[in-house]
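Letter by letter, the chains look like this.
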Amino acid sequence: MDYKKLIAESWAYTQNNKSLIIWYGFLPAIFTTTVGVGIMIYQFFSFKMSYLFSEGDHSFFNEVMSFILEFVRDNFSLTLPLIVVAAVFATFYFLFPTLARAAAIQMIARNRNGQEAGIGTGFKFGVTSFLKLLEYHMLIKSFAFFSILVEMSFVLRNLGPVIFQLLLPVFLLFLIISFMLTLLFTYSDFFIVIDDDSVFESMKKSGKLVLMNWKHTFLVSFLMIIIGIRIFIQAILVFLIPIMIILITGYIATFVLAKAIAIIVGAIFGIVALILAAYLNGIVDVFSYVVWTFTFLELSNEQQTSARDVFVEDLSNSS
């Protein structure tokens, strides 16, 4: 396997398919990036108002709930429309990124195999494997690296550093297990989407494919680094967006008497930053899909030699 050629072809394919980036990269990234920003803002203020950084006994969660109840009481007419908007957003957040992933893999795989497939074709065939892919992602979500970090922060804030230190070996063990499972189940998505295998069958085949292709450990490691860079970029962008909103709003508020203007300007900058972050995340996501799909197709097409196979020397090449 020519690793440099694989990466170059993957990047060229990504750049030549802008519609793939927009529909199956940028649009789902709007939802995931927005939720990511919300989670980071919540974590930031939860730590800031906890006993670790504040002398008072405050709970950011209680303040959020109090704000919501007060808003509902003072703006009851807006409650139902906002609930509908929140429900629609939540539905798209939980379903659309997985559907976009399945559709993107279908489109990329078919193009790689010489078939003419566009956004519609990818969506049509991606829908057929969507539910199984969603089931798989729900199954492994508890072992995700980011989920474990959130659980660690929860323990540190609410149970204290003593309990956190006692549980730290357990968390570290879970992080190691998370890394191993991520590595072993690297190709599960592709067995589900491309080969239409069941969830557990795809996990079994993925583990076997990774173990049988141990010579490509460096390639898998390199691809894991790419995923790590993606997560790092997303984390930086997720941190920058709320910081930019807070700083810009606070800066304008010191010079402008009208606080509403400061809030509007800060909201505009926040939306622009969110769109930019979602687009960059979409590019990296699609590039990651392409690299992994190309790798899966190449490795899964290789025939493994059984111990029962009889070796026959090719005399035509030796003569």
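Residues numbered from 1 in each chain as written. Predicted model: local features only at pLDDT ≥ 70, side-chain atom pairs only at ≥ 80, totals over all residues. Heavy atoms only, no water.

Secondary structure summary: the protein contains 12 helices and 0 strands in total. N-terminal to C-terminal, the α/β element order of the protein is α-α-α-α-α-α-α-α-α-α-α-α. For the protein, buried positions account for 36% of its 319 residues. Pairs at least 24 apart in sequence give 76% of the contacts found in the protein among residues at least 6 apart. Total accessible area computed for the protein in this model is approximately 19,500 Å², and 72% of it derives from carbon and sulfur atoms. (Helix = DSSP H or I, 4+ residues; strand = E, 2+ residues; numbered from the N terminus. Buried < 20%, exposed > 50% of the residue type's maximum accessible area, 1.4 Å probe, protein only. Contact = heavy atoms within 4.5 Å. Areas by Shrake-Rupley, 256 points an atom, 1.4 Å probe, with all protein chains shown as cover.)

Moving on: the pattern of salt bridges. Taken as a whole and judged by the stated rule, the model has 5 salt bridges. Between R101 and D189 there is a salt bridge, and its shortest N-O distance comes to 2.4 Å. Highlighted residues: R101 in helix α4 (residues 76-112) and D189 in helix α8 (residues 188-193), separated in sequence by 88 residues. Each member of the pair, R101 together with D189, is buried. Across the pair K132 and D196 runs a salt bridge, and its minimum N-O distance is 2.6 Å. Here D196 lies in the loop between α8 and α9 (199-212) and K132 lies in helix α6 (residues 130-140), a separation of 64 residues in the sequence. We classify K132 as partly exposed; its relative accessible area is 21%. (Salt bridge = Lys/Arg side-chain N within 4 Å of Asp/Glu carboxyl O.)

Now for the confidence of the model for the protein. Confidence in the prediction for the protein averages 82 pLDDT; 78% of positions are at 70 or higher. Least confident of the elements in the protein is helix α12 (residues 315-318), whose mean pLDDT is 48; most confident is α8, at 96. (pLDDT = per-residue confidence, 0-100.)

All right, on to the nonpolar core then. In summary, soluble globular proteins display a tendency toward joint burial of nonpolar side chains. Judged by nonpolar contacts, the single largest core of 19 residues is most densely connected at L133, Y136, Y187, F190, L209 and F296. L20, Y24, F31 and F294 belong to the second largest nonpolar core, which has 18 residues in total. (Core = buried A, V, L, I, M, F, W, Y, C linked by side-chain atoms within 4.5 Å.)

The next thing to look at is the environment of Q43. By secondary structure assignment, the location of Q43 is in helix α2 (residues 18-48). Q43 gets classed as buried once you look at its relative accessible area, which sits at 11%. Sequence separation between Q43 and S153 is 110 residues; the distance between their C-alpha atoms is 8.0 Å. The residues touching Q43, leaving out its near neighbours within four places in the chain, are V150, S153 and R157.

Okay, a nonpolar patch on the surface next. On the surface, F143, L159, V162, I163, L166, L167, V170, L173, F174 and I177 cluster together into a nonpolar patch covering about 850 Å² of accessible area. When you line up the elements, L159 lands in helix α7 (residues 145-184). (Patch = residues over 30% accessible without salt bridge, like charges linked within 9 Å, V, L, I, M, F, W, Y side chains within 5 Å.)

Within the secondary structure, V150 is located in helix α7. V150 sits 110 residues away from M40 along the chain, and the two C-alpha atoms are 9.8 Å apart.

Here we come to the side chain of T33. Considering the arrangement of structural elements, one finds T33 in helix α2. A distance of 2.6 Å separates a polar side-chain atom of T33 from the backbone oxygen of A29. (Polar contact = N/O pair within 3.5 Å; in protein donor to acceptor, adjacent residues only side chain to side chain.)

Turning next to α7. Here α7 is 40 residues long, yet its end C-alpha atoms lie only 15 Å apart, well below the 58 Å a rise of 1.5 Å per residue gives. Largest kink in α7: about 130°, centred on G160, with the proline P161 one to four residues after it. Among all positions in α7, only S147, I148, M152, S153, V155, R157, G160, F164, F171, L175 and S178 are buried. Where α7 is buried, its residues contact α2. (Expected span 1.5 Å × (residues − 1). Bend = angle between axes of the 7 residues up to and from the residue.)

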